[in-house]
Amino acid sequence: MMFRALADITVAAHLAFVVYVVAGGFLAWRYRRTIWLHGVAVAWGFVSIVIGVDCPLTQLESWARVRAGESALPSTGFIDYYLTGVIYPESMLGVVRFAAICAVAISWAGFVLLRSRSRHLSST
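The sections below set out a description of the structure shown in this document.

Conventions and cut-offs
- For every chain, the first residue of the written sequence is number 1, and numbering continues from 1 along that sequence.
- In keeping with the model being predicted, local features are shown solely for residues with a pLDDT of at least 70 and side-chain atom pairs are shown and tallied solely at 80 or more, while totals for entire chains, interfaces and linings include all residues.
- The side-chain quantities take in all heavy atoms of the structure and omit both hydrogens and water.
- By the criteria applied, helices consist of DSSP H or I runs no shorter than four residues and strands consist of E runs no shorter than two, each listed in order from the N terminus.
- Bend is the name given here to the angle between axes fitted to two runs of seven residues, the run ending at a residue and the run starting at it.
- Using a 1.4 Å probe on the protein chains alone, a residue whose accessible area is under 20% of its type maximum counts as buried, one over 50% counts as exposed, and one in between counts as partly exposed.
- Axis angles are defined between N-to-C directions and span 0 to 180 degrees, where every axis is a line fitted to C-alpha atoms and, for a helix, only to the segment in contact.
- If an angle is under 35 degrees, it is roughly parallel; if it is over 145, roughly antiparallel; if it lies from 65 to 115, roughly perpendicular; otherwise it is oblique.
- It is the rotation of the near helix from the far one that decides the hand of a crossing: anticlockwise by less than a right angle makes it left-handed, clockwise makes it right-handed.
- What makes two residues a contact is simply this: any of their non-hydrogen atoms within 4.5 Å.
- Gly is put with the polar residues, along with every residue not named as nonpolar or charged; the nonpolar set is Ala, Val, Leu, Ile, Met, Phe, Trp, Tyr, Cys and Pro, and the charged set is Asp, Glu, Lys and Arg.

**What to know about the environment of Asp 8**
Okay, step 1: Examined against the element boundaries, Asp 8 turns out to sit in helix α1 (residues 2–30).
Okay, step 2: Expressed as a C-alpha distance, the spacing of Asp 8 and Pro 89, which sit 81 residues apart in the sequence, is 24 Å.

**Notes on α1**
Okay, step 1: Maximum bend of α1: about 60°, positioned at Ala 23.
Okay, step 2: Among the residues of α1, those classed as buried are Ala 7, Thr 10, Val 11, His 14, Val 18, Tyr 20, Val 21, Gly 24, Gly 25 and Ala 28.

**As for the packing of α1 against helix α2 (residues 35–50)**
Okay, step 1: Where α1 meets α2, the closest approach of the two axes is 9 Å, and the angle between their N-to-C directions is 150°. In terms of their interaxial angle, α1 and α2 are classed as roughly antiparallel. Along this stretch, α1 crosses α2, giving a crossing that reads as left-handed. The residues of α2 that touch α1, namely those facing Phe 17, Tyr 20, Val 21, Gly 24, Gly 25 and Ala 28, are Ile 35, Leu 37, His 38, Ala 41, Val 42 and Trp 44.
Okay, step 2: Here the residues of the contact of α1 with α2 sort into nine nonpolar, three polar and no charged.

Shown next, in the form of structure tokens:
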């Protein structure tokens, strides 16, 4: 039971991380100091998808699931298992990735714009 709970908590943490990668830059509009954390999260997400580095949360969930008597996550990982084909059709994966990249780019552009505007207002 403890391992099943650990697996469930890991799923929730992983989902929160994915949401933060996509939308965390918008939080930095209000909490400016968090932009560096968002940059690290985006870099990790990018590296794990493009290069295929195994995510420690995926490994932890697989470990906990096996100890709970369940099967490990497939080698394709968290996103393919829980999101692709469940939240959006597999045929839309490219569109979803592009939308995520756009959300990050817009949030960072907004951050830069808001920061430069606040600097400009404070200097006048």
